[in-house]
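Residues per chain, in single letters:
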Amino acid sequence: MKKRIIWLSLALVAGSASHAFAQFASDALRHSRLQFGGPARTLGIAGANVALGADFGNLTSNPAGLGMYQKSELHFTPGVGFGQSNGRIEGNSAAAQEATQNSFHVGSAGLVFTTRRPDDDQTTNWRAGSFALGFTRVADFNIASSYQGSINNNQSFLSRLRPQAGARGQAFFDDLDDQFDNNQYTTNLGLAYGAYLADIRQARTGARLDSAVVLRQQGSLLNQGEVVTNSGSQSQFDLGYGASYRDRLYIGGAIGIVSSNFTETRVLSETDNDPSTYFMGLRSRSEQTTAGSGFNARLGMIYRATDNLRVGASVQTPTYMRFTETFNESLTSNFSAQGADRVPSDLPVGETTVAFDPNDYEYALTSPLRANGGVAYTIGKLGFITGDVEYVGYGRARFSNDNNTGSELITEENNAIKTRYQSAVNLRFGAEGRFDIFRARLGFARYGSPYKTDTGSERAQNFYTGGIGMRQGNFFIDAAAVYTTFDQVYTPYSLVNDLQPVVNVSNNRFTTSITAGVTF
C-alpha cells in the first residue's frame, strides 16, 4: 500500500471519472460523413454523376446509371494520399504545429456485365441492362494533427480529475488502494493514483483516518501538447443492376456490404519547469481501434428529358453496422528529486507508467438515410456538365446494443448526437471536355457542416478536383487529383470550470488516383 501523507488543508479534493465505453457522438459522425468515391473519372468530376450515367461510380450513388452502359467494363484504381494539418490552442500565441499523414490505397475496382438488344429487335421496350459488382472506398480516415502551447494549471489535464467538495467514505479510499495493489485500474482517478499524481491524505487531528484525495501540485504555468494520428477507411462492396426502358427511363438498385477500420492514437503531454514542485510532467497515451461491417441498399432513376438533358434521383437506406472496439490507455508521470511541496516518502524519481487493461466493446450504429438529386447536360460529342445535391440527416444516427450493458451511456450519446448534429446539404459539380481520344475534367464539391453550432459553416468540407483521360479502342486510362480542405475544432478533455483548451486545426489533403480498364 502507498504511504499516506497528512492532509493540511480543509478542502476536500477528489476525482472519480469512471472508464467506460470509448464510443462517442464523434464516432457516429465519422461513419456517416462519407466522401464521393469511385474510379478516376468519377473523382475528376467531384462525384457529380447522379444524372450522368454509364459511370462505375453510379454503383454507389445512383445504380440507375448502370442501365446506360453500352459495353461491359473492367477497371482497377489505386491511389495515394498526402495530408497536412496546422493546429494551435485558440487564443494562444504559440506558433501552429504541423502534422502529416500519408497513405496508399485502392480506391475502386469493379466489373460491369452489359447486355443490349439490337436496334432492330423491338420485341420489348426494355432495351438494355447491366449487372455490376465492385469495391469502392467511400471514406478516408487518414489524418493527423498536433498542437503545442502554454496553459494555466487550472486548465491542465490533471485538473480534469479535480472533483467537487464533499466527504468520502472509507470504501472509496480502499478501492483506490485495491486498484494500486492489484495493478488493475478501473477509474481515471485510480490511474492517477497509481502514477503518484494523486494522494490519499489523512486528517491532522483525531484518529487520522483517510479524509481526502488531493492531486499533485503543479506549477502555475505548464506547457501542453498533443499529437493525434488517425488511419483507416470505410469501403463498400456493391452488387447492382440497372436497366433501360426505351432508352428514356433508367432504373436501378444496389446492395452494399460495408466494411470499416479505424485507428486513433492520441498522445497528450504536459511539462512543468517550476523548480518548487516535484512534478516535471505527465503523458497520457490512448489508442482506439474500431472494426465493423454492415449493409445498406439504394434505388435510383434517371430520365432523359431530351437527347441532351438528363435528370436523376436516388435514395440510400440507413446503413446498419456492427462494430468491435478496443480501447487502451496509459498514464506516465515524471518527478524530480527536489521540490518544496509535500509528497509521500515513496515518491519515485523519474517516470512511472500505469495503464488500464484493454477494453473490448461491441455495439451497433445506424447511420442516416441519404437522398440525391442531379442534372446532367451533354454537349453533343464535346462533353458534358453535371451537378448533384445530396441530403444527409446527421442528427438521426443512432447507437444500439443487444443487451443492457452500457445502455445508459448509449442513450446519453444518442441524445448528444441529436443535440450536436444537424442535417446538411452536399453540392457537387463537374464537367468533362472531349478532344478526340482525350478527356479533360474539372469538379468542385462542398459538403455542408453537420454541426448545429457551426453557423458560419467553418467546418464544411471543400473538394477541388481535376483529371485527364484517354480512350483508345477497348482500353481506357484516367487520372484524377482531389484537393480537400476542412477545419476542426475540438477540446482534448472537459473541465468542470469550462477552461479546457480549445484546439483549432486546419486540414488539407491531396489525393491522386489512376484508373486503367478495358471494355468488351
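Quick note: structure is the one above.
Quick caveat, the model's predicted, so the values are computed rather than measured.

S.K.: Before we go on, may I ask you to explain unusual backbone geometry in this structure?
M.R.: When glycine is set aside, most residues are seen to have a negative phi, and most peptide bonds are trans. In the Ramachandran plot, Asp247 falls in the positive-phi region, its phi being about 50 degrees despite a non-glycine side chain. Of note, Asp247 is situated in the loop between strand E8 (221–245) and strand E9 (249–271). Asp247 sits in the partly exposed class, given a relative accessible area of 26%.

S.K.: I tried to follow the pairing of strand E14 (residues 359–366) on my own but got confused; where do I start?
M.R.: Here is the key point about a regular strand: its side chains alternate between the two faces of the sheet. Inspection of the sheet shows strand E12 (residues 320–335) paired to E14 by 8 bridges, in the antiparallel sense. When the bridges of E14 are listed, Tyr320 appears paired with Thr366. Here E14 runs beside strand E17 (residues 398–400); their pairing, made up of 3 bridges, is antiparallel. Opposite Thr366, over in E17, you have Arg398 as the bridge partner.

S.K.: Just to check I follow, could you spell out the side chain of Thr319 for this structure?
M.R.: Relative to the helices and strands, Thr319 is located in the loop between strand E11 (309–316) and E12. Of the residues examined, Thr319 reaches a relative accessible area of 6% and is grouped as buried. Contact partners of Thr319, with chain neighbours within four places excluded, come to Val258, Phe295, Asn296, Leu365, Thr366 and Ser367.

S.K.: Hey, could you run me through the pattern of salt bridges in this one?
M.R.: If charged atoms from side chains of opposite charge come close, those side chains can pair. Considering all chains together, one arrives at 20 salt bridges under this definition. Residues Arg298 and Asp238 are paired through a salt bridge, measuring 2.9 Å at the closest nitrogen-oxygen approach. Of this pair, Arg298 sits in strand E10 (residues 279–304) while Asp238 sits in strand E8, and the two are 60 residues apart along the sequence. When sorted by exposure, Arg298 lands in the same class as Asp238, which is buried.

S.K.: Can you help me understand helix H4 (residues 170–182) in this one?
M.R.: Over its 13 residues, H4 extends 18 Å from the first C-alpha to the last, a length consistent with the 18 Å expected when each residue adds 1.5 Å. Residues of H4 that are buried include every one of Phe172, Phe173, Leu176, Asp177 and Gln179, and no others. Looking down the long axis of H4, one finds its buried residues gathered within 155 degrees of arc, a one-sided arrangement. With respect to the buried face of H4, the exposed residues turned more than 90 degrees away are Ala171 and Asn182. Where H4 ends, the next residue or the one after it, Asn183, has phi of about 55 degrees, a positive value.

Rules used in this analysis
In this numbering scheme, every chain counts its residues from 1 along its sequence in written order. Confidence filtering applies because this is a predicted model: local features only for residues at pLDDT of at least 70, side-chain atom pairs given and counted only at 80 or more, and all residues used for totals across whole chains, interfaces and linings. Where side-chain values are given, they derive from all heavy atoms of the structure, hydrogens and water being excluded. Secondary structure elements are defined from DSSP: runs of H or I of at least 4 residues count as helices, runs of E of at least 2 residues count as strands, and each element is numbered from the N terminus. Only protein chains enter the accessibility calculation, which uses a 1.4 Å probe. A residue is then buried if its area is under 20% of the maximum for its type, exposed if over 50%, and partly exposed in between. Between any two strands, pairing holds if DSSP finds at least two bridges. Contact definition: two residues touch when any of their heavy atoms are within 4.5 Å. In the sections that follow, a salt bridge refers to a side-chain nitrogen of Lys or Arg positioned within 4 Å of a carboxyl oxygen of Asp or Glu. A helix's residues, less one, multiplied by 1.5 Å, set its expected span. Each C-beta atom gives one direction from the helix axis, and the arc is the one those directions make.

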